[in-house]
Amino acid sequence: MSNWDVLLQQVINGVSLGAMYALLALGFTMVYGIIELINFAHFNVFMVGSFLAMWALEAMGFAGQSHVLYGLPLAGILVAAFMVAMLGSGILGVAIERFALRPLRGVPGTAPMITTIGMSYILYNIILLSAGADSKNFSNPMPNTAWNFGGVTLHLREVLLWAVSLLLMVALNYFVRRTKMGKAMQAMAQDQEAARMVGVDVDRVVIITFFLGSALAGAAGLIFGLYYNYTSYLIGYTAGLRAFTAAVLGGIGNIPGAMLGGVLIGLIESLGGQYIAVRWTDVIIFSLLVLVLVFRPTGLLGRVTPTKS
Amino acid sequence: MSDSQVKPAQEVASQPLGRSQSFISAIRHRAKSEQFRPYLLVVILMAALAFPYLDGNEGDIDAAANALAYAMLALGLNIVVGFAGLLDLGYAAFFAIGAYTYGALASYQIQPEWSSFWEPFQWLGLVKHLEAGGGIGTVHFDVSFWLMLPIAALVAAFFGVLFGAPTLRLKGDYLAIVTLGFGEIVPIMARNTPTITNGAQGLNGVATPKLFGYSFGVMSTPYYYLGLALVVLLIFISARLKHSRIGRAWLAIREDEIAAEAMGVDRVKLKLLAFAIGAGFAGLTGTFYVAKLQTASPEMFMFPVSVMILVMIVLGGIGSVAGVVVGALILQLLQSWFLQDLTQWIHALGDLTDIVFLQKLDLVQSIELIFGIILVVMMLYRRQGLIPERAAVTALTYDQQNAMPSRSSVEAGLAPLHRRTIDPGKPLLDIKGLAKSFGGIKAVNGIDLSVMPGSIVAIIGPNGSGKTTFFNLITGLTEPDGGQVLLAGENITGLKPHRIVEKGIARTFQNLRLFPKMTLLENALVGAHTRTSTGAVGAVLRLPRVKREEVAARARAVEVLGIFGNRLMPRIEHLAFSLSYANRRRLEIVRALVSEPVLLLLDEPTAGMNPTETLELTDQIRHLRERGVTIVLIEHKLDVVNEIADKVVVLDHGEKIAEGTPEQVHSNKEVLRAYLGRATEAVATIAAAS
């Protein structure tokens, strides 16, 4: 492989990772956008989503990577797996909001954030205790089809994952920009009180936001499994932190920003791993987070957050 | 709270202020015996000292020594999270830094080649010359544990400043995520730099402390006593800090950052201080802990450790010194003493009842799950923790609540409200062309204003005319785009808010920004921040100078609170959130006055007050002027303005449209147009005629 091939290959890997981080970052950014809360539970909603997807695939009779499907059956199975992961995570996110966060809405200080840490920890340990500490072989019905362009390999699964991520992001963008509920969300992001006064049902908007964000995290959880062929109770922590960095990098509260930030973080991870060293990846990413916060706290595309009076 | 603190408050309600000396001395006395009841403390300490002899089990003593280490960590995190309100999720990083600082300099890990460079260090006893099988030999670091305790604390504090500085300027939320990142990076660094830390295997053979030739060795008892001494020291430091100028400034930042800044607190500096002291506690603990274990590995300092310390302070009571120690001891001792037994009991219960779930439940394995549940449950149902930061205050009696408002005359026998001498011939405040735009809107568009010393200037104008922005520009809360603000000839444009308070401008807020979970007295004392100088070290040592300063500040705060007579005095130990709306306005004025302003900016001081209260306050504002405070106020109630203003300035759409005596302004056509619309010629004529 020539140097250029290596670079191109890592760009492909980076974009794949980035698509996943972007989906995860959207959940952070949407929640922060409307209630100005860093939702640490999101880390492990993603992880639970990955397990839900794996269990769903296992329930449909898949085990390991040997049972491969093509064409429509593959599409059907994937749609079903995405549905389970997204619905399950979405409901989990809503439940967390409803029972742990809503009673604390409007409480000043660190209490809501501490609660999300507690929820995150609960999810993490429930999975650890029920599924065990070993990493799980993720059932993957996708074929290993790949194309070679010179020294560069492009897998079918990568193309599929890009397509799914793109589809979800376009759908979300449409929802936020064009639908009534999406506009209510935007209104709340700007000024919660004013939105309430013109008749926006704040609780409903918050619930929908948690549902959408968590559902996207569930999708990201499935994508993680399909991409790496494994899942584990540990994945939420690292991926969550990287995705949060992506959200800040793009501009917290800013939906296109989260997508851009996600892809950038994915690229940094893959290129940094190639050209520096994998063991320094996290150090590079957090240093980047600090640099962004110091020099451009509004992120690349500007931040959109509620005005607090 | 004991009765002795409340009784004087009851007395004062029925007494004129001048004779309430007993009350003031009670307030002074309170500075000394805060929170801890001495006899209880002695009993606990005796029990703790006797514990190793009473128990005698090496395992129990070891667990207790570890629990003490975690109590030290909880005390440190409490300064950051509890006092200053900054959520630090990577606190274990500082623990690690302290641990590795000592570990690396008290083990055989780093062995550079010997050279003459090391000779002075050898002479000082910091290194040893190892001569192994010929050659020049190597250096063996052998720095004393006792020396490393403060050094490791300082190193950790330094890293605290380093990590905190970039992000403490930002809103608190980001700090949580950045500290989470640092908490992640530090163990990675430790793993990736094996030359210093021996990587994932961890440091081995860390030297144990020696005291007067006695080596601590591997038995737990000496560590237990050392840990106990350190916990007592850190409790002492925490308690002293909390009830000092520094501690009040931290609480003020935690309660309302903007108001704290507007009252003279340098928030970046104080947040850094909290971060550094918190990190220092962790560095100290790291040294202790590593010396006890004689090893240090990256796994000892990962995220779960940070969470565990957080759970300890949440359980015990965020901000409560006694609470966090109890929280740490409960959780640690629960894990090492009871969880095993408890699990066996549950299994027995499961066998008895044939419930499979109970038979399989392993609480030792589930400890992190329990931590998560504790966090959520405490936040939802008992945010103040097991031992709340503040004990309940005795309610006012019926008589006190329904007492006739009395107030001592403002001028009676009080010290001057500020100590500056002002040239009466020159304008005190001189503003030229002050401007600020938000987006395309010119909120304040080139306003000039000159305020003579000893005058009362009222700013009126329709809502949205830029009055509050104008105040924000003067007090530095908003950075002006252009123009100049001169205070007694000195250019103060664009200074930070806390610097402007120092210069002598204090303000109140239209939408009330008190520190709700601080007492009235503490609220007032935050106002004294810029007029006092006690630092962290001074607060801990409490030398005579510091004591004098504290007593004087308290006496002054009480005097100023007395301006409003029995409106505020009986409630002086109450938390500010319990006040009525009008009393909150009064307390804001008190807080501003305690900062000894030459110029007082009042933003709608009578809003929400009934006519009687409004009259009372109008009168009091006039008295303040008589005592040398110049006043600029924003006011909607025109009868108030007519009554007290020497000069009225009218703003509309960010511009000054009129200026003059109340009478001149009332007949001004521009003003009438701004308030009533265009077709007001007739109204103007009538106004002129009347």
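Since this is a predicted model, take the numbers as computed values, not measurements. (Residues numbered from 1 in each chain as written. Chains lettered and ligands numbered in written order. Predicted model: local features only at pLDDT ≥ 70, side-chain atom pairs only at ≥ 80, totals over all residues.)

Kindly report on the overall build of chain B, identifying the contributing residues and their values.
Within chain B, the secondary structure is distributed over 29 helices and 14 strands. A buried classification covers 49% of the 690 residues belonging to chain B. Of all intrachain contacts in chain B linking residues separated by at least 6 positions in sequence, the fraction that spans at least 24 positions is 76%. (Helix = DSSP H or I, 4+ residues; strand = E, 2+ residues; numbered from the N terminus. Buried ≥ 20, exposed ≤ 12 C-beta atoms within 10 Å, placed from the backbone. Contact = placed C-beta atoms within 7 Å.)

Help me get a handle on the overall build of chain A, residues and values and all.
Secondary structure assignment for chain A yields eleven helices and four strands. Rg of the C-alpha trace for chain A: 19 Å, near the compact-globule value of 19 Å for 309 residues, within the 12% margin. The principal-axis extent of the C-alpha atoms belonging to chain A is close to 60 × 45 × 40 Å. Residue pairs at least 24 apart in sequence account for 81% of intrachain contacts in chain A once pairs closer than 6 positions are excluded. (Rg over C-alpha atoms; globule rule 2.2 N^0.38 Å.)

Describe in detail the sheet that holds strand β9 (residues 490-491) of chain B, supporting the description with residues and values.
All names here are of chain B. Here we have four strands laid out as an open sheet, ordered β6-β5-β8-β9, and antiparallel in their pairing. Of all strands in the sheet, those with a lone pairing partner are β6 (441-451) and β9, marking the two edges. Pairing between strand β8 (residues 482-487) and β9: two bridges, direction antiparallel. The residue of β9 that forms the bridge with L487 is E490. Each of β5 (429-438), β6 and β8 is contacted by helix α19 (residues 467-475), which is oriented at about 65° to β6, the strand it contacts most. (Pairing = 2+ DSSP bridges. Axes fitted to C-alpha atoms, helices over the stretch in contact; angles between N-to-C directions.)

Tell me about helix α2 (residues 41-59) of chain A, and name the residues and values.
Residue and element names in this part refer to chain A. Taking 1.5 Å per residue, 19 residues should reach 27 Å; α2 reaches 26 Å between its end C-alpha atoms and fits that length. Of all the 19 residues making up α2, 16 are buried; the element is thus mostly covered by neighbouring parts of the structure. Immediately downstream of α2, the backbone of G61 shows phi near 95°, a positive value. (Expected span 1.5 Å × (residues − 1).)

Requested: an account of the domain arrangement of chain B, with residues and values cited.
Think of interface size as the accessible area that goes away when the parts come together; that is how it is often given. Residues and elements named next belong to chain B. Examined at the domain level, chain B breaks down into domain 1 (1-30 + 515-578), domain 2 (31-36 + 58-106 + 143-381), domain 3 (113-142) and domain 4 (429-514 + 592-689). In this complex, domain 1 contributes 13 residues to the contact, which on the side of domain 4 involves ten residues. Contributing elements (two or more residues each) for the side of domain 1 that touches domain 4: α21 (520-527) and α23 (544-561). A per-class count over the side of domain 1 that touches domain 4 returns eight nonpolar, three polar and two charged. (Domains from an automatic or database assignment. Nonpolar A, V, L, I, M, F, W, Y, C, P; charged D, E, K, R; others polar.)

So what about the pairing of β6 of chain B? Which residues, and what values?
A regular strand carries its side chains on alternate faces of the sheet. Pairing of β5 of chain B with β6 of chain B, which is carried by eight bridges, proceeds in the antiparallel orientation. Pairing of K436 of chain B across the sheet is with V444 of chain B, part of β6 of chain B.

Lay out the nonpolar core in plain terms, naming residues and giving numbers.
Counting residues in each nonpolar core, the largest one holds 301 residues, and the members touching the most others are A22 of chain A together with M72, A74, A274, I309, M312 and L561 of chain B. Considering every element that reaches this core, the biggest residue donor is helix α4 (residues 58-83) of chain B, with 17 residues. Setting aside chain neighbours within four positions, we find M72 of chain B in contact with L230, V231, L234, F281, L284 and T285 of chain B. (Core = buried A, V, L, I, M, F, W, Y, C linked by C-beta atoms within 7 Å.)

Can you tell me about the pairing of strand β2 (residues 146-149) of chain A, naming the residues and giving the values?
Residues and elements named next belong to chain A. Where β2 lies against strand β3 (residues 152-155), four bridges are found, and the strand directions are antiparallel. Counted as the bridge partner of W147 is L154 from β3. Here β2 folds back onto β3 in antiparallel fashion, the turn holding two residues, of which G150 has a positive phi close to 60°.

Residue-level account of the interface of chain B and chain A, with values.
Tallying the contact residues gives 34 residues for chain B and 32 residues for chain A. Only α7 (145-167), α8 (172-192), α14 (303-316) and α17 (367-381) of chain B provide two or more residues apiece to the side of chain B that touches chain A. No other element matches α8 of chain B, which puts eleven residues into the side of chain B that touches chain A. Here the residues of the side of chain B that touches chain A sort into 21 nonpolar, eight polar and five charged.

Break down unusual backbone geometry for me, citing the residues and quoting the values.
All names here are of chain B. Unusually for a residue other than glycine, R542 sits at a positive phi of about 45°. With respect to the secondary-structure elements, R542 resides in the loop between α22 (536-541) and α23. R542 gets classed as partly exposed once you count the C-beta atoms within 10 Å, which come to 16. Its identity is not glycine, yet E596 carries a phi of approximately 55°, on the positive side. Mapped onto the fold, E596 is located in the loop between α24 (581-594) and β11 (599-603). The buried category is assigned to E596, around which 23 C-beta atoms lie within 10 Å.

Please give an account of the environment of L271 of chain A that cites residues and values.
Residues and elements named next belong to chain A. With respect to the helices and strands, L271 occurs in helix α10 (residues 255-275). Between the alpha carbons of L271 and L8 there is a distance of 9.7 Å; along the sequence they are 263 residues apart. Aside from chain neighbours lying at most four places away, what touches L271 is Q10 and G14.

Got a sec to walk through the sheet that holds strand β10 (residues 505-507) of chain B? Specific residues and values, please.
Residues and elements named next belong to chain B. Strands sit in the order β10-β11-β12-β7-β13-β14 across an open sheet of six strands; the sheet is mixed. At either end of the open sheet lies a strand with only one pairing partner, and these are β10 and β14 (655-660). With strand direction ignored, the average angle separating the axes of adjacent strands in the sheet is 20°. Note: strand β7 (residues 456-460) against strand β13 (residues 647-652), four bridges, orientation parallel. Pairing of I460 across the sheet is with V650, part of β13. Against the sheet, helix α25 (residues 611-626) engages β7, β11 and β12 (630-634), with an angle of about 150° to β12.

Can you lay out the confidence of the model for chain A for me, pointing to particular residues and giving the numbers?
Mean pLDDT over chain A stands at 89; residues scoring 70 or higher make up 97%. Looking over chain A, one finds the lowest element-wise mean pLDDT in helix α11 (residues 281-295) of chain A, namely 84, and the highest in α2 of chain A, namely 95. (pLDDT = per-residue confidence, 0-100.)

Residue-level account of the environment of S215 of chain B, with values.
All names here are of chain B. Among the secondary structure elements, S215 is positioned in strand β4 (residues 214-215). With 263 residues separating them in the primary sequence, S215 and T478 have C-alpha atoms 60 Å apart. With residues near it in sequence (within four places) discarded, S215 still touches T208 and K210.

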